[in-house]
Amino acid sequence: MKSVTSSAKNGVPGKAFIRAGEGLGLDDDELSAVLGEHVSPVMLLRHGQEPQPNTEAWSRALLLVELYQSLLALVGTEQNAKIWLSSRNRGLSSRPRDLITCRTGLEQVIQYLAATRSLI
């Protein structure tokens, strides 16, 4: 699996973002919320258009890919990742799925996963 950095350098954050969203069971409305955009940019990503580099949407797309990769490393399968994302988490005081719709929440979930991985 490619890292977020290599995905960005190869110019495929859009594809990686869509793949991560599918792997996490997120629909287009949820993916749009992660990007902080309307549904139409997600549809453009699905059809191969890349987000503009160094924009907020591009940055958030990379963060979701990082979350996906970290979560898979912890739980092993996409099915387990979907369950984890949709379950209430005491450490985060919420469902991670609800938190990732804003940048702060997305970063909080990534930090939580990084801290959890460091314990293993």
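Structure: above.
Here the structure is a predicted model, which means the values were calculated and not measured. Here the residue index of a chain counts from 1 through its sequence in written order. Per-residue local features of the predicted model are confined to residues with pLDDT of at least 70, and side-chain atom pairs are confined, for both listing and counting, to 80 or more; whole-chain, interface and lining totals are unaffected and use all residues. As a rule here, side-chain values cover all heavy atoms of the structure and leave hydrogens and water aside.

Please clarify how the packing of helix α2 (residues 13-23) against helix α4 (residues 39-46) should be interpreted in this entry.
What describes two packed helices is the angle between their axes and the distance between those same axes. Note on method: axes are straight lines fitted to C-alpha atoms, helices fitted across the in-contact stretch only, with angles between N-to-C directions ranging 0 to 180 degrees. Helical segments are the DSSP runs of H or I of at least four residues, strand segments are the runs of E of at least two, and each set is numbered from the N terminus. Direction vectors running N to C along α2 and α4 enclose 105 degrees, while the axes themselves pass 9 Å from each other. Relative to α4, the element α2 is oriented roughly perpendicular. On the side of α2, the interface is formed by G14, F17, I18 and E22, while α4 contributes V42, L45 and R46. Each residue belonging to the contact of α2 with α4 can be placed in one class, and the counts come to 4 nonpolar, 1 polar and 2 charged. Every angle not falling under 35 degrees, over 145, or within 65 to 115 is termed oblique; those three ranges are roughly parallel, roughly antiparallel and roughly perpendicular. Any two residues having at least one pair of non-hydrogen atoms within 4.5 Å are treated as being in contact. Think of it as three bins: nonpolar holds Ala, Val, Leu, Ile, Met, Phe, Trp, Tyr, Cys and Pro, charged holds Asp, Glu, Lys and Arg, and polar takes everything else, Gly as well.

So what exactly am I meant to see when it comes to unusual backbone geometry here?
The phi angle of most residues is negative, glycine excepted, and most peptide bonds adopt the trans form. Residue N54 is not a glycine yet carries a positive backbone phi of 60 degrees. Mapped onto the elements, N54 comes out in the loop between α4 and α5 (56-75). With a 1.4 Å probe rolled over the protein chains alone, any residue whose accessible area is under 20% of its type maximum counts as buried; one over 50% counts as exposed, and the rest are partly exposed. The class of N54 is exposed, set by a relative accessible area of 69%.

Just to check I follow, could you spell out the side chain of N89 for this structure?
Examined against the element boundaries, N89 turns out to sit in the loop between α6 (78-86) and α7 (96-99). Note on N89: relative accessible area 8%, which makes it buried. Leaving out residues up to four positions away in the same chain, N89 has contacts with W84, S94, P96 and Y112.

I keep staring at the packing of α5 against α6 and nothing clicks. Help me out?
Where α5 contacts α6, the axes come no closer than 9 Å and their chain directions differ by 110 degrees. Here α5 lies roughly perpendicular to α6, going by the angle between them. Along the contact surface, α5 presents Y68, L71, L72 and V75, while α6 presents E78, N80, A81 and W84. Taken together, the residues that form the contact of α5 with α6 break down as 6 nonpolar, 1 polar and 1 charged.

Sorry if this is basic, but what is going on with α5 here?
A rise of 1.5 Å per residue sets the reference length of α5, with its 20 residues, at 28 Å; its end C-alpha atoms lie 28 Å apart and thus fit the reference within 8%. Most of α5 sits out of view: 15 of its 20 residues are buried. G76 lies just past α5 and shows a positive phi near 90 degrees. Expected helix span is computed as 1.5 Å times (number of residues minus one).

Hey, could you run me through the pattern of salt bridges in this one?
When charged atoms on two side chains of opposite charge get close, those side chains can pair. Put simply, a salt bridge is a Lys or Arg side-chain nitrogen that is within 4 Å of an Asp or Glu carboxyl oxygen. Within this structure, the stated rule accounts for 8 salt bridges. A salt bridge links R46 to D28; its shortest N-O distance comes to 2.8 Å. Taken together, the residues span a long stretch of sequence, with R46 in helix α4 and D28 in helix α3 (residues 28-35) at a distance of 18 residues. Ionic pairing is found between R103 and E107, a salt bridge with its closest N-O pair at 2.9 Å. Of this pair, R103 and E107 are both found in helix α8 (residues 103-119), 4 residues apart, which corresponds to roughly one turn of the helix. E107 gets classed as partly exposed once you look at its relative accessible area, which sits at 29%. Counted as one network, the salt bridges with shared partners bring together E56, R60, R103 and E107.

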